[in-house]
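Take a look at the letters that make up each chain.
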Amino acid sequence: MKQFLARLGVGLLLLQSAFSADFTLWYQQPAADGMNEALPIGNGRMGGLIFGGTERERINVNEDSLWTGDENLSGNDGQMGAYQLLGSIFVNLPGHETNSNYRRDLNLNEATAQVSYESGGVKFAREYFCSHPAGVLVAEFTADQPGAYTGSIELADGHDAQVVADGNRMTVSGALNNGLRYEWQLLALHDGGSLQTNGATLEFTNCNRLTLLVAAGTDYKMDYTAHYRGEDPHARVTGQLDTAARKNFAALKAEHVRDFQALFNRVAVDFGKSSDEQTALPTDRRKIAAAETVDPELEQLLFQYGRYLLISCSRPGGLPANLQGLWNDRNNPAWHSDYHANINIEMNYWPAEVANLPECHVPFFDLMQSQLPAWRKAVAASPEWKTSSGAMTSRGFAIRTSHNIMGGMGWKWDKTANAWYCQHLWEHYAFGGDKEYLRTVAYPIMKETCEFWEDHLKTLPDGRLVVPDGWSPEHGPDEDGVSYNQEIVLDLFDNYIQAGAALGPDVDVVYRQKIAAMRDRLVMPGIGSWGQLLEWMTEKKGADAVAKSPELDTPDDHHRHTSHLFGVYPGNEISIAGTPELAAAAKVSLDARGIFADIDVREWSFAC
């Protein structure tokens, strides 16, 4: 008993230590390379990128529903649109270009960013956060001497809308080319000194302290029947700012920290101790040094940074994390900063359940439900999606590789993305056990997707079933029975059978039996001539393969996607205990792709 209590005490101390660890990213210079260096803050719907300039601070502001594009049936990327930059706040502080003891940091424990430095014998400090309870971005500028702040505030709208300054409030209202209306406002509060408008800017003189409050919104509504449009955002944005302004900075921060830590503090990890030399390095230099050694506390920091980002960009009531999370500093972002269905949005949400953030998963399901009518219409209108009997599709939906928030999709059908999305619906139930959610949200979509694949699977001469003309993203060629597709449909069928059983023994029992029989006929990946897990149903070798790609399905194939390993992770079809031969073949594939060598292979291979 004494030994048990001693071990328990040590465990509790380790847990307490992990929860109280200093999770801080810090730097000795302002951000120079856009969003790659700026510090991200967010409340799930609204986000900011903190650059930390001394003489000219820049804060990029994002609102998650600011999208161009619309519903489209053709898969035209241009019509699908892109996620947009709302705008930038600039705080001009003349004379601060000469400074010392500069530090810029992001405190993950409290979800706050800070900037500090000395200039002209004055110690200046700034603190930023994006409050979920208040719905506003907050920035406070303080100094250790009175009257130290003199300068100006400018807003630069991402779409050149007019800035109106009135008293201590700046307002920007505009509309995108798809008719989406948006508005953002900044309220400047000052202690001491004076503040006045000068055209479209605010000028402050000899202030002791400045507090900036920012709110933003659009008329987007996550509702297909309303054409994804709702109320004008003006009243909501104005109300959020007015309410927040009735609280002081300390009260807003305390409310924000309580809300954030209710999620963040659920999980602690302890990977061991780093050296004093490692922890003394700023994060950018520490990351470079870690490539040559082991830095346990940096790994711990990165784990919690992932959780921080998911909390900050995906909260109930908002949209799910897109390709860049919530943060965007341009109107032509890479890959539209859209939702990529062939792995990216799924990867964003892998930490949701296992890292105890199930609420952060909900926006993904909400968006999925809101897009279903458009996706059903798109697939029903596409001649590519005739059923195995040759009829036009009448049941279910499919998803192209990319999509927006208004029913629009981009290039190339990712045929089994519908089934992969269903895995997330099931995992949310599997971790949480909410049968009402399973009955009303997850199960209907999972069943609909099974019906879709009942209509579209192709029967081979030997009676086995394959996904026809599939794709191993983003690694050709297209053909029947691609391992990626087969593993995902098997995962869907397995999860659907479990979902029905969880709802009761009599729920769709006949249909469940039918799906179980189809599951048992699905082609599963084979093992190739050099021991690899086959990416396609048949091995790519000989003259035909060489003509298409001299490296295809050979030990020299180092393609960054390892799509055929879905069955290892995030699927459950391949394991050392259950399928040792396939697991060994998967390792051969990983070795050949360069996962354990000095080869630049990315994607989810690292999670395997």
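Residues numbered from 1 in each chain as written. Predicted model: local features only at pLDDT ≥ 70, side-chain atom pairs only at ≥ 80, totals over all residues. Heavy atoms only, no water.

Draft legend 1. Highlighting helix α13 (residues 483–503). The end-to-end C-alpha separation of α13 is 30 Å, in line with the 30 Å expected for 21 residues at 1.5 Å each. With 17 of 21 residues buried, α13 is to be regarded as a mostly interior element. Where α13 ends, the next residue or the one after it, G504, has phi of about 145 degrees, a positive value. (Helix = DSSP H or I, 4+ residues; strand = E, 2+ residues; numbered from the N terminus. Expected span 1.5 Å × (residues − 1). Buried < 20%, exposed > 50% of the residue type's maximum accessible area, 1.4 Å probe, protein only.)

Draft legend 2. Structural view of helix α14 (residues 509–519). Residues Y511, R512, I515, A516 and M518 constitute the buried set of α14. Buried residues of α14, viewed axially, fall in a sector of 160 degrees; they line one side. Turned more than 90 degrees away from the buried face of α14 sit V510 and Q513, all of them exposed. (Arc of directions from axis to C-beta.)

Draft legend 3. Inspection of the sheet that holds strand β6 (residues 100–107) at higher detail. Across the sheet, nine strands lie side by side as β1-β6-β7-β8-β9-β16-β13-β12-β11; this open sheet has antiparallel pairing. The sheet terminates laterally at β1 (24–27) and β11 (163–166), the two strands that pair on one side only. Direction aside, the axes of adjacent strands within the sheet are offset by 15 degrees on average. Direction of pairing for strand β8 (residues 122–131) relative to strand β9 (residues 136–143): antiparallel, over a ladder of eight bridges. Across the sheet, the residue bridging to F129 is V138, located in β9. Here helix α4 (residues 249–264) sits on the sheet and contacts β7 (112–119), β8, β9 and β16 (209–218); the angle it forms with β8, its principal contact strand, is near 50 degrees. (Pairing = 2+ DSSP bridges. Axes fitted to C-alpha atoms, helices over the stretch in contact; angles between N-to-C directions. Contact = heavy atoms within 4.5 Å.)

Draft legend 4. Spotlight on unusual backbone geometry. A cis geometry characterises the amide bond from P473 onward to E474, with omega recorded as -20 degrees. Relative to the helices and strands, E474 is located in the loop between β21 (470–472) and β22 (475–479). Of the consecutive residues Y569 and P570, the connecting peptide bond is found in the cis state with omega at 10 degrees. Take P570: it is sitting in the loop between α15 (542–548) and α16 (580–593). You will see that D160, though not glycine, has its phi angle at about 60 degrees, which is positive. Topologically, D160 is positioned in the loop between β10 (149–157) and β11. Residue D160 is classed as exposed on the basis of its relative accessible area, which comes to 74%. For H227, which is not glycine, the phi torsion reads 55 degrees and is therefore positive. As for its placement among the helices and strands, H227 is situated in the loop between β16 and α3 (234–245).

Draft legend 5. Region of interest: the pattern of salt bridges. This model, assessed by the stated rule, comprises 31 salt bridges. With a shortest N-O distance of 3.0 Å, E255 and K247 are connected by a salt bridge. Residue classification places E255 among the buried residues on the basis of a relative accessible area of 19%. The class of K247 is partly exposed, set by a relative accessible area of 34%. Between K273 and E297 there is a salt bridge; the shortest N-O distance is 3.9 Å. Placement of the pair is K273 in the loop between α4 and α5 (276–279) and E297 in helix α7 (residues 296–313), with a sequence separation of 24 residues. Look at K273 and you get exposed, because its relative accessible area is 70%. Residue classification places E297 among the partly exposed residues on the basis of a relative accessible area of 24%. A single network of salt bridges, built from pairs that share partners, joins R395, E451, E454, D455 and K514. (Salt bridge = Lys/Arg side-chain N within 4 Å of Asp/Glu carboxyl O.)

Draft legend 6. View of the packing of aromatic side chains. Per the stated rule, a full pass over the model turns up 31 aromatic pairs. When the ring of F129 is compared with that of F249, the centres are 5.5 Å apart and the planes differ by 55 degrees; the resulting orientation is tilted. Placement of the pair is F129 in strand β8 and F249 in helix α4, with a sequence separation of 120 residues. Judged by its relative accessible area of 0%, F129 falls in the buried class. Residue classification places F249 among the buried positions, given a relative accessible area of 12%. (Phe/Tyr/Trp six-rings, centres within 6.5 Å; stacked < 30°, edge-to-face > 60°.)

Draft legend 7. Fine view of the sheet that holds strand β2 (residues 39–42). Pairing within the open sheet is antiparallel, and its seven strands lie in the order β2-β3-β4-β5-β10-β15-β14. Two strands lie at the open edges of the sheet, namely β2 and β14 (194–198), each paired on one side alone. Averaged over neighbouring strand pairs, the angle between their axes works out to 20 degrees when direction is ignored. Both β2 and strand β3 (residues 46–50) contribute to a ladder of four bridges, which runs antiparallel. From the neighbouring strand, I41 faces β3, where its bridge partner is G48.

Draft legend 8. Fine view of the nonpolar core. Counting residues in hydrophobic clusters, the biggest one holds 141 residues, and the most contacted among them are I89, W184, L186, W453 and F493. Judged by nonpolar contacts, the second largest core, of twelve residues, contains L187, A215, V237 and F249. (Core = buried A, V, L, I, M, F, W, Y, C linked by side-chain atoms within 4.5 Å.)

Draft legend 9. Focus on empty space enclosed by the protein. One pass over the full model with this rule turns up three cavities of 30 Å³ or more. Each pocket or cavity is described by its volume, and for the largest cavity that value is around 90 Å³. W530, Q532, L533, E535, D553, T554, D557, H564, S589, A592 and R593 together form the lining of the largest cavity. Looking at the lining of the largest cavity, its residues break down into three nonpolar, four polar and four charged. Computed from the structure, the second largest cavity encloses a volume of approximately 50 Å³. In this structure, the second largest cavity is lined by G42, N43, C130, H132, H256, D259, F260, I311, S312 and R315. At the level of secondary structure, the elements contributing two or more residues to the lining of the second largest cavity comprise α4 and α7. It is α4 that provides the largest number of residues to the lining of the second largest cavity, a total of three residues. Within the lining of the second largest cavity, the residues separate by chemical class into three nonpolar, five polar and two charged. (1 Å grid on protein atoms, 1.4 Å probe; cavity = no way out; pocket = protein on both sides within 12 Å on 5 of 7 lines; lining within 4 Å. Points joined across faces, edges and corners; volume = space filled by probe spheres on them. Nonpolar A, V, L, I, M, F, W, Y, C, P; charged D, E, K, R; others polar.)

Draft legend 10. Spotlight on the pairing of β16. Buried residues dominate β16, accounting for nine of its ten residues. Here β9 pairs with β16 via five bridges, running antiparallel. By the bridge assignment, E140 is partnered in β16 with T211.

Draft legend 11. Representation of the confidence of the model for the chain. Here the chain averages 92 in pLDDT, and 93% of its residues register 70 or above. Contacts for the low-pLDDT stretch residues 1–18, under 50 throughout, to residues beyond four places or in other chains number seven contacts. Contacts for the low-pLDDT stretch residues 597–608, under 50 throughout, to residues beyond four places or in other chains number 34 contacts. (pLDDT = per-residue confidence, 0-100.)

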